[in-house]
Amino acid sequence: MTAFRSYALLLALFLAGCSEQPSSADSTSVEPESQAASSSTVDPQASSRGSEAAAVLNIVVFGASGKIGGLITQESIDRGHKVIGVSRNPEMLAFEAENFSAMSADLNDVESVKKALGDADTVIVSVTGIGEDYQPESSTTAIAARTMVEAFTGDDNAPYVIQIGGASTMFEDTETMLANFPFPAPEGSRPRGLLFGQVLALETYEASTIPWTVLTPPPVIRGYAPNAIMDLSSVGYRTATEFFVMGEDGKPSPVMAMDLAKAAVDEAENKAFVGKRFTVGI
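Residues numbered from 1 in each chain as written. Predicted model: local features only at pLDDT ≥ 70, side-chain atom pairs only at ≥ 80, totals over all residues. Heavy atoms only, no water.

## Description of the confidence of the model for the protein
Inference 1: Averaged over all residues, the pLDDT of the protein is 84; the fraction at 70 or higher stands at 81%.
Inference 2: In this model residues 1-10 is a low-confidence stretch, pLDDT under 50, and it forms 8 contacts with partners more than four residues away in sequence or in other chains.
Inference 3: Note that pLDDT drops below 50 for residues 17-38; the model gives that stretch 63 contacts with residues more than four away or on any other chain. (pLDDT = per-residue confidence, 0-100. Contact = heavy atoms within 4.5 Å.)

## Here's the deal with helix α5 (residues 110-117)
Inference 1: Residues of α5 that are buried: V110, S112, V113, A116 and L117. Taken down its axis, α5 places every buried residue within 165 degrees of arc, on the same side. In α5, the exposed positions that point more than 90 degrees away from the buried face belong to E111 and K115.
Inference 2: Along its buried surface, α5 packs onto β2 (58-62), β3 (82-86), β4 (100-103), β5 (122-125) and α6 (140-152).
Inference 3: Among the residues of α5, the N-terminal cap falls to D109, whose side-chain oxygen and the backbone nitrogen of E111 are separated by 3.0 Å.
Inference 4: Taken from the residues just after α5, G118 is the one with a positive phi, measuring 50 degrees. (Buried < 20%, exposed > 50% of the residue type's maximum accessible area, 1.4 Å probe, protein only. Helix = DSSP H or I, 4+ residues; strand = E, 2+ residues; numbered from the N terminus. Arc of directions from axis to C-beta. Polar contact = N/O pair within 3.5 Å; in protein donor to acceptor, adjacent residues only side chain to side chain.)

## Quick notes on helix α4 (residues 67-78)
Inference 1: Between its first and last C-alpha, α4 extends 17 Å over 12 residues, near the 16 Å set by a 1.5 Å rise per residue.
Inference 2: Judged by how many residues are buried, α4 sits mostly within the fold: 9 of 12 residues are covered. (Expected span 1.5 Å × (residues − 1).)

## Things to note about the side chain of E267
Inference 1: Tracing the sequence through the fold places E267 in helix α9 (residues 257-270).
Inference 2: Of the buried charged residues, E267 lacks a salt bridge, with K271 as the closest side chain of opposite charge at 8.7 Å.
Inference 3: A distance of 2.8 Å separates the side chain of E267 from the backbone nitrogen of F273, its partner in a polar contact. (Lys, Arg positive; Asp, Glu negative; His and termini not counted. Salt bridge = Lys/Arg side-chain N within 4 Å of Asp/Glu carboxyl O.)

## Considering the nonpolar core
Inference 1: Of all hydrophobic cores here, the largest spans 32 residues; its most connected members are I72, L215, L260 and V280.
Inference 2: Mapped by element, the contributors of at least two residues to this core are β2, α4, β6 (160-164), α9 and β13 (276-281).
Inference 3: Broken down by element, this core gets its largest block of residues, 8 residues, from α9.
Inference 4: Residues contacting V280, with those up to four places away along its chain left out, are L215, T216, P218, Y237, R238, T239, V245, S253, V255, L260 and A263.
Inference 5: Core analysis: the second largest hydrophobic core is formed by 28 residues, V149, A158, Y205 and W212 among them. (Core = buried A, V, L, I, M, F, W, Y, C linked by side-chain atoms within 4.5 Å.)

## Quick look at the pattern of salt bridges
Inference 1: Per the counting criterion, the structure on display carries 5 salt bridges.
Inference 2: The residue E75 makes a salt bridge to K262 at a minimum N-O spacing of 3.5 Å. Linking E75 in helix α4 with K262 in helix α9, this pair joins segments that are 187 residues apart in sequence. In this structure, E75 and K262 share a single accessibility class: buried.
Inference 3: For E187, the salt bridge is made with R192, and the minimal N-O distance between the two is 3.4 Å.
Inference 4: Linked through salt bridges whose partners overlap, the residues forming this network are E75, R79, K262, D266 and E269.

## Overview of the pairing of β13
Inference 1: For β13, the tally of buried residues reaches 5 of 6 residues, placing the bulk of the element in the interior.
Inference 2: Examined bridge by bridge, strand β11 (residues 237-240) and β13 share 3 bridges and lie antiparallel to one another. Each residue of the ladder has a partner; that of A240, found in β13, is T279. (Pairing = 2+ DSSP bridges.)

Printed below as a string of structure tokens:
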């Protein structure tokens, strides 16, 4: 692996959570007392039982052509929801199901987003990227949040917006976030733009009046690689709102890629974290 690819992978690990190796069994790890009070556990069987009883939703997925966005899209389809996948290249979306359709929309264009959402109950946003100037305001995550808030502020029928965030935003402040970043992130750099773009997205939702949540992955997503999903195992997950779900080793617990997708669709069905950020881990 070249130095550039190593850097890119580690950057992804911190910003959006990414790693490869599968886990063989459900976790029984013990969290510190401060974390245990804010966490709960969801196992694969319980999640499946819950989805069978859930009402059919109209779900729109932005970033359906991405790796995590694709898993979220397929999981939504498999649960019987009516799903629209949104991509810059909708013809590339190869989900074959009667309850799926594809369309294009521009996250910079509020009206095109409204058109794509139509009568959606839920919109799940799984996007990343940065503009040529590397400024946080031009990151795709920040733009998506601004557009969703502008599109639905004051709308009594606004859909529930679930945006996939970045692990970096789980730290208590930007100083701690930067101190834990695996590489230098000077002003004007791509890493800093991506890093603070995630912060801007969260702050945009927190200041809004629309129904929202930001689902923040842990630093490591098992079964994920930038070019492919390597493992579709599901072992269940725990949730927390104040800090990462912690493992017995005192480190943030990873999550399986499939369980991150399940958590997004579970939240669409259950609306347990409206107006809050939450994270998941084994």
